[in-house]
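Summary of structural features
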Amino acid sequence: MRLLFPFLIILSLLLISCSGGQGSDKVISEEITIRALAEHRENELLWTRELESVRLLLDTKKNQVVADSIKLEPLVMTSALTGKKSLYPYLEGFGSLDTSSISKEMKTFLDSTFESLAKWQLSSLKVQDNSIFSLTLFKYDIEHLWEENFSETFPIVQDDITLFQSKLYGEPYFLEDQVQLPVRLYALKGHIDIILYFTSITPYKIDAIQISRWERK
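The following paragraphs examine the structure supplied in this document. (Residues numbered from 1 in each chain as written. Predicted model: local features only at pLDDT ≥ 70, side-chain atom pairs only at ≥ 80, totals over all residues. Heavy atoms only, no water.)

Some thoughts on the pattern of salt bridges
Per the counting criterion, the structure on display carries 6 salt bridges. Note that Lys167 and Asp111 form a salt bridge whose closest N and O atoms lie 3.9 Å from each other. Separated by 56 residues along the polypeptide, Lys167 in strand 3 (residues 166-169) and Asp111 in helix 4 (residues 104-118) bring together distant segments of the chain. Assessed through its relative accessible area of 25%, Asp111 is described here as partly exposed. A salt bridge links Arg184 to Asp193; the shortest N-O distance between them is 2.7 Å. Note on Arg184: relative accessible area 8%, which makes it buried. Judged by relative accessible area, which is 2%, Asp193 ranks as buried. Three or more residues are tied together by salt bridges with common partners; here these are Lys107, Asp111 and Lys167. (Salt bridge = Lys/Arg side-chain N within 4 Å of Asp/Glu carboxyl O. Helix = DSSP H or I, 4+ residues; strand = E, 2+ residues; numbered from the N terminus. Buried < 20%, exposed > 50% of the residue type's maximum accessible area, 1.4 Å probe, protein only.)

Okay, structure coming up:
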């Protein structure tokens, strides 16, 4: 229909021109008009073919923002096209779970720290020389406040029995020479939230460990 409408306009002008002119003028006019119409139609067809070729090359089943394993649906595409920063869960009383700024080296240090805490082998923690006293206070508080908060005596940690079974890292807060990171330590009777303070450059070393919350199941 788009191609037919310009053709009807040009044909009408052709008929009007032919009714008022001479024979030779009419032949020349018809030739020019028909040539112009042919060129116009060819240009439109070329544009249509080029557009169609691009469309056929596009894989409409995929999107760079959406993982291949996710089926593209209207709700998924709406979220993918917003261009907003990824949202992370937030735990009340603990903070954001955005750990995207934790480097691979820092993650290794944190996992090693948790393993020492889980086995309650505090002597294997990497601690600043001037922070030994702070670590001693942390050890005292955990062991003496355990029964008060979890209604059980402090467990005897053995090779197959750990003090903490799992952990959860929160979003780190970076200062000039220190990192502050919330960690949730999960025990059988509940969990303990702590703030881990450590140096901001490698090799990472603990400055202090502060208990911020106890919660029984």
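What about the pairing of strand 6 (residues 190-199)?
Put simply, side chains in a regular strand alternate between the two faces of the sheet. Of all the 10 residues making up strand 6, 9 are buried; the element is thus mostly covered by neighbouring parts of the structure. In this structure, strand 5 (residues 178-186) lies alongside strand 6, joined through 9 bridges in antiparallel fashion. When the bridges of strand 6 are listed, Gln180 appears paired with Tyr197. As consecutive antiparallel partners, strand 5 and strand 6 are separated by 3 residues. Where strand 6 meets strand 7 (residues 206-216), 9 bridges bridge the pair, whose relative direction is antiparallel. Within strand 7, the residue paired with Phe198 across the bridge is Ile206. A loop of 6 residues connects strand 6 with strand 7, the two strands running antiparallel in sequence. (Pairing = 2+ DSSP bridges.)

A closer look at the environment of Leu137
With respect to the helices, strands and loops of the structure, Leu137 is situated in helix 5 (residues 132-150). Given a relative accessible area of 42%, Leu137 falls into the partly exposed group. A sequence separation of 73 residues divides Leu137 from Gln210, and the C-alpha atoms of the two residues are 9.2 Å apart.

Focus on empty space enclosed by the protein
Counted under the stated rule, the structure contains 2 cavities of 30 Å³ or more. Of the volumes computed, that of the largest cavity is approximately 40 Å³. Residue lining of the largest cavity: Leu110, Thr113, Phe114, Leu117, Tyr169, Val183, Leu185, Ile194 and Leu196, and that is the complete set. Going through the elements one at a time, helix 4, strand 5 and strand 6 are the ones with two or more residues in the lining of the largest cavity. By residue number, the principal contributor to the lining of the largest cavity is helix 4, which donates 4 residues. Taken as a whole, the second largest cavity spans an internal volume of roughly 30 Å³. Around the second largest cavity sit Phe109, Ser112, Thr113, Ser116, Ser124, Leu125 and Lys126, which together line it. Here the lining of the second largest cavity is built from residues that sort into 2 nonpolar, 4 polar and 1 charged. (1 Å grid on protein atoms, 1.4 Å probe; cavity = no way out; pocket = protein on both sides within 12 Å on 5 of 7 lines; lining within 4 Å. Points joined across faces, edges and corners; volume = space filled by probe spheres on them. Nonpolar A, V, L, I, M, F, W, Y, C, P; charged D, E, K, R; others polar.)

Overview of unusual backbone geometry
In this model, Thr202 is joined to Pro203 through a cis peptide bond whose omega is 0°. Unusually for a residue other than glycine, Trp120 sits at a positive phi of about 55°. Looking at the secondary structure, you find Trp120 in the loop between helix 4 and helix 5.

Focus on the side chain of His191
Position of His191 relative to the elements: it lies in strand 6. Side-chain polar atoms of His191 contact the side chain of Arg184, separated by 3.5 Å. His191 has contacts with Phe150, Arg184, Leu185, Tyr186, Arg213, Trp214 and Glu215, leaving out every residue within four places of it along the chain. (Polar contact = N/O pair within 3.5 Å; in protein donor to acceptor, adjacent residues only side chain to side chain. Contact = heavy atoms within 4.5 Å.)

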